[in-house]
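The residues making up each chain are set out below.
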Amino acid sequence: MGEDVTAKELRRCGYRIRERNFRCSLGEIDIVAEEGGAIVIVEVKTRSGGSHGDPQDAVTAVKARKLITLGEAYLAHKELHDVDWRIDVVAVRTDLPAGRQVEIIRNAVSC
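Residues numbered from 1 in each chain as written. Predicted model: local features only at pLDDT ≥ 70, side-chain atom pairs only at ≥ 80, totals over all residues. Heavy atoms only, no water.

Overview of the overall build of the protein chain
Phase 1 of the analysis: Helices and strands together make up the secondary structure of the protein chain, namely two helices and five strands.
Phase 2 of the analysis: For the protein chain, the N- to C-terminal ordering of α and β elements is α-β-β-β-α-β-β.
Phase 3 of the analysis: In the protein chain, buried positions account for 38% of the 111 residues.
Phase 4 of the analysis: Long-range contacts, defined here as pairs at least 24 residues apart, represent 53% of the contacts in the protein chain between residues at least 6 apart.
Phase 5 of the analysis: Surface accessibility of the protein chain: about 6200 Å² in total, with carbon and sulfur atoms responsible for 44%. (Helix = DSSP H or I, 4+ residues; strand = E, 2+ residues; numbered from the N terminus. Buried < 20%, exposed > 50% of the residue type's maximum accessible area, 1.4 Å probe, protein only. Contact = heavy atoms within 4.5 Å. Areas by Shrake-Rupley, 256 points an atom, 1.4 Å probe, with all protein chains shown as cover.)

Set out below in structure tokens:
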């Protein structure tokens, strides 16, 4: 559900979705998009309650390193050389009184 909501929000904000659930031997990228001429690796974090903190808090230093490795693997696999790219995290909260909240955190991980 979080990835569907995220894809819709990314499109609304001008991103173009290249693919979803890109898998390789190193792991999976939730969404690969383009925005402003850059390739964007998107990590989606969804929470339905506050007991585990904010969704974006789940992107630890270990997860950040893995996202960088996955991004590099994606670019190599698609033979995309000398392109701008970044990693965004999208935090989805589903437990709020007003409904869902979707926050796009651009450049959430430095690559």
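Now, onward.
Focus: the packing of aromatic side chains
Phase 1 of the analysis: According to the stated counting rule, one finds one aromatic pair in the structure shown.
Phase 2 of the analysis: With 4.9 Å between their ring centres and 90 degrees between their planes, F22 and Y74 make a pair best called edge-to-face. Of this pair, F22 sits in strand 1 (residues 16-24) while Y74 sits in helix 2 (residues 61-77), placing them 52 residues apart in sequence.
Phase 3 of the analysis: With a relative accessible area of 0%, Y74 lands in the buried category. (Phe/Tyr/Trp six-rings, centres within 6.5 Å; stacked < 30°, edge-to-face > 60°.)

Examining the pattern of salt bridges
Any two side chains of opposite charge can pair, given that their charged atoms come close.
Phase 1 of the analysis: Tallied over the entire structure, the rule returns 11 salt bridges.
Phase 2 of the analysis: A salt bridge links K63 to E43; the shortest N-O distance between them is 3.6 Å. Residue K63 is found in helix 2, and its partner E43 is found in strand 3 (residues 38-47); the two are separated by 20 residues along the sequence.
Phase 3 of the analysis: Looking at E43, the relative accessible area reads 3%, which means it is buried.
Phase 4 of the analysis: In this structure, a network of salt bridges that share partners links the residues E35, R86, D88 and R106. (Salt bridge = Lys/Arg side-chain N within 4 Å of Asp/Glu carboxyl O.)

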